[in-house]
Amino acid sequence: MALPIASNNKQQRPSLQNSYLWNFLQARWHHSLGKTDDAIQKWVDLLNRESSKPRLKEVGYLIEIQALQEAREYLEQLVINSDEELAEINYLLAKCYIGQALLPQAKEKIEQAIKVKPQIAKYWDLLADCNLELGDWRDAIKALDNSMRAAPQNAETNYRLGMIYAFHEEYHEALRCFQGCCQLRPREFLYWEMKAEMHLLLEQLKDACSSYEKALRYGGTPDLAARLAYCYIQDGEIKKGIQYYKYTLKYEPDHYDSLSNLAAVYQNLGRSQEALVLLEQAKNIYPKDPILLNNLAFTLVHQGRTRKAAEYYREALELTPDHPLILYNLSVCLTRKGNWQESIELINKLLDIDPNHSAGWALLGNIYDQIDQSDVAIDCFNKALKLA
């Protein structure tokens, strides 16, 4: 029987290091290690290899690491030479143009992609980006509305719409968007937080409290508790407000707003010593806040410590010399001490700033009445009552 002739030639296995998969994984590895230049070189090498299909995955990685020119050059050749996946090619090319601040070109390309495949949500999202960059926020909203129609379960698109409306002070529309976010992803605290913010801006305090509570329940920070406390105080639920301010201070003892606001609540309740303790703690954090110094002085006045209060008022005025409230409060403090002349000078400065300051005219009238200048006092009282 004849035997087959044996060949000395053996089939060579292709080298792993030259394979597409090896180089692709190498590129990803370099990227994960922060070796961006090496990753770019690997992906560009892959783009230069012959392929029956466009290498759009590699282009996506190049765009992600801001190798925009390399990605753009490849894509522009694809637009010329390929009819396959033209919508996706135009989408990626538009991303390159946006990254290079070529906004009109980007808008043109993404509109071409949408014309081919209007059902793709991310295309509408990119068109919204273009419109926002060009200052056309209403067109951006139209694009995002179309994105929502294409992907109605995408809460992030609703969130973007809400943020745009909120920035442009269309709070009812923003609230509608954030409500949609909460329905789609009811355990995301950020959505409840933004919903609460809109309720607060619309003076819907009970709804704001309810939304802030849910935000706090689903993982919000102690700062949310402080805002919830503020809402309860504004809505007249003082006990709950105090409870949430204490909650904030339990976890963040140096939470400045909570210290200041809780002190104001205590002061209004006549608990001036508790207010003073909180204000002194706040002063250790921000010793140069003129409003805090004003509030600290105000509390000291209510304790009868007018000399120390005057020191804080003067310190506050050094920081903001023309602040009407501090000028007025220091004048009241000095009047109680019988320091008439300095009080008159401060009130005159206040009235130069705000000629219609009724309380200032009334205080000036009282001073002149105390020093037996009744004619001048009557003129001041008339101006306070807007009769002169």
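First, a word on scope: everything that follows refers to the structure included in this document.

What counts and how
Residues numbered from 1 in each chain as written. Predicted model: local features only at pLDDT ≥ 70, side-chain atom pairs only at ≥ 80, totals over all residues. Heavy atoms only, no water. Helix = DSSP H or I, 4+ residues; strand = E, 2+ residues; numbered from the N terminus. Buried < 20%, exposed > 50% of the residue type's maximum accessible area, 1.4 Å probe, protein only. Contact = heavy atoms within 4.5 Å. Areas by Shrake-Rupley, 256 points an atom, 1.4 Å probe, with all protein chains shown as cover. Salt bridge = Lys/Arg side-chain N within 4 Å of Asp/Glu carboxyl O. Expected span 1.5 Å × (residues − 1). Axes fitted to C-alpha atoms, helices over the stretch in contact; angles between N-to-C directions. Parallel < 35°, antiparallel > 145°, perpendicular 65-115°, else oblique. Left-handed = near helix turned anticlockwise from the far one by under 90°. Nonpolar A, V, L, I, M, F, W, Y, C, P; charged D, E, K, R; others polar. Arc of directions from axis to C-beta. Phe/Tyr/Trp six-rings, centres within 6.5 Å; stacked < 30°, edge-to-face > 60°. Lys NZ or Arg CZ within 6 Å of the ring centre and 35° of its normal. Core = buried A, V, L, I, M, F, W, Y, C linked by side-chain atoms within 4.5 Å.

Looking at the overall build of the protein chain
Of regular secondary structure, the protein chain possesses 22 helices and 0 strands. Within the protein chain, the fraction of its 388 residues that count as buried is 42%. Looking at the protein chain alone, contacts between residues at least 24 apart form 41% of all its contacts between residues at least 6 apart. By element, 49% of the accessible surface of the protein chain is carried by carbon and sulfur atoms, the whole surface being about 21900 Å².

Focus: the pattern of salt bridges
One pass over the structure, following the stated rule, counts 18 salt bridges. Arg227 is the salt-bridge partner of Glu197, the closest N and O atoms lying 2.5 Å from each other. Residue Glu197 is found in helix 11 (residues 189-201), and its partner Arg227 is found in helix 13 (residues 222-234); the two are separated by 30 residues along the sequence. Here Lys206 makes a salt bridge to Asp235, at a shortest N to O gap of 3.1 Å. With a gap of 29 residues between them, Lys206 in helix 12 (residues 205-217) and Asp235 in the loop between helix 13 and helix 14 (238-251) connect regions that are remote in the sequence. A residue is classified by how much of its surface remains accessible, and Lys206, at 58% relative accessible area, is exposed.

With respect to unusual backbone geometry
Non-glycine residue Glu169 carries a positive phi angle of around 60°. Relative to the helices and strands, Glu169 resides in the loop between helix 9 (155-167) and helix 10 (171-184). Even without being glycine, Glu203 reaches a positive phi, approximately 60°. Inspection of the secondary structure assignment puts Glu203 in the loop between helix 11 and helix 12.

Examining helix 7 (residues 121-133)
A rise of 1.5 Å per residue sets the reference length of helix 7, with its 13 residues, at 18 Å; its end C-alpha atoms lie 19 Å apart and thus fit the reference within 8%. Restricting attention to buried positions, one finds in helix 7 the residues Ala121, Tyr123, Trp124, Asp125, Leu126, Leu127, Ala128, Cys130 and Asn131. In this fold, the buried residues of helix 7 make contact with helix 5 (86-99), helix 6 (103-116), helix 8 (137-150) and helix 9.

What about the packing of helix 20 (residues 340-353) against helix 21 (residues 358-370)?
A pair of packed helices is characterised by two quantities: the angle between their axes and the separation of those axes. One can describe the packing of helix 20 onto helix 21 by two numbers: an axis separation of 10 Å at closest approach and a directional angle of 155°. Considering the angle they form, helix 20 stands roughly antiparallel to helix 21. Classified by chirality, the crossing of helix 21 by helix 20 is left-handed. On helix 21, the residues that touch Trp340, Ser343, Ile344, Ile347, Asn348, Leu350 and Leu351 of helix 20 are Gly360, Trp361, Leu363, Leu364, Ile367, Tyr368 and Gln370. Looking at side-chain class alone, the contact of helix 20 with helix 21 contains 10 nonpolar, 4 polar and no charged residues.

A look at helix 14
Note: α-helices contain 3.6 residues per turn, so residues at a spacing of three or four share the same orientation. Across its 14 residues, helix 14 extends 21 Å between first and last C-alpha, which sits within 8% of the 20 Å expected from 1.5 Å per residue. Where helix 14 is concerned, the buried positions are Gly241, Ile242, Tyr244, Tyr245, Thr248 and Leu249. Mapping the buried residues of helix 14 onto a view down its axis gives an arc of 165°, with all of them on the same face. Across from the buried face of helix 14, at angles greater than 90 degrees, the exposed residues are Lys239 and Lys250.

Points about the packing of aromatic side chains
This model, assessed by the stated rule, comprises 6 aromatic pairs. Between the aromatic rings of Tyr159 and Phe178, the centroid separation amounts to 5.8 Å while the plane-to-plane angle is 55°, which identifies the pairing as tilted. Here Tyr159, found in helix 9, pairs with Phe178, found in helix 10; they are 19 residues apart in sequence, far enough to count as distant. For the residue pair Tyr159 and Phe178, the accessibility class agrees, reading buried in each case. Measuring from centroid to centroid gives 5.7 Å for Tyr159 and Tyr191, while their planes differ by 45°, and the two rings are tilted. Placement of the pair is Tyr159 in helix 9 and Tyr191 in helix 11, with a sequence separation of 32 residues. We classify Tyr159 as buried; its relative accessible area is 16%. Judged by relative accessible area, Tyr191 falls into the buried class, the value being 1%. Members of the aromatic cluster, connected to one another through ring pairs, are Tyr159, Phe178 and Tyr191. Lying over the aromatic face of Tyr218, Arg217 brings its terminal NZ or CZ to 5.8 Å of the ring centre.

So, the nonpolar core
If you look at the biggest cluster of nonpolar residues, it comprises 100 residues, and the most contacted ones within it are Leu75, Ile110, Leu262 and Tyr313. Contact partners of Leu75, with chain neighbours within four places excluded, come to Leu56, Val59, Ile89, Leu92, Leu93 and Cys96. Counting residues in hydrophobic clusters, the runner-up holds 11 residues, among them Trp361, Leu364, Ala377 and Cys380.

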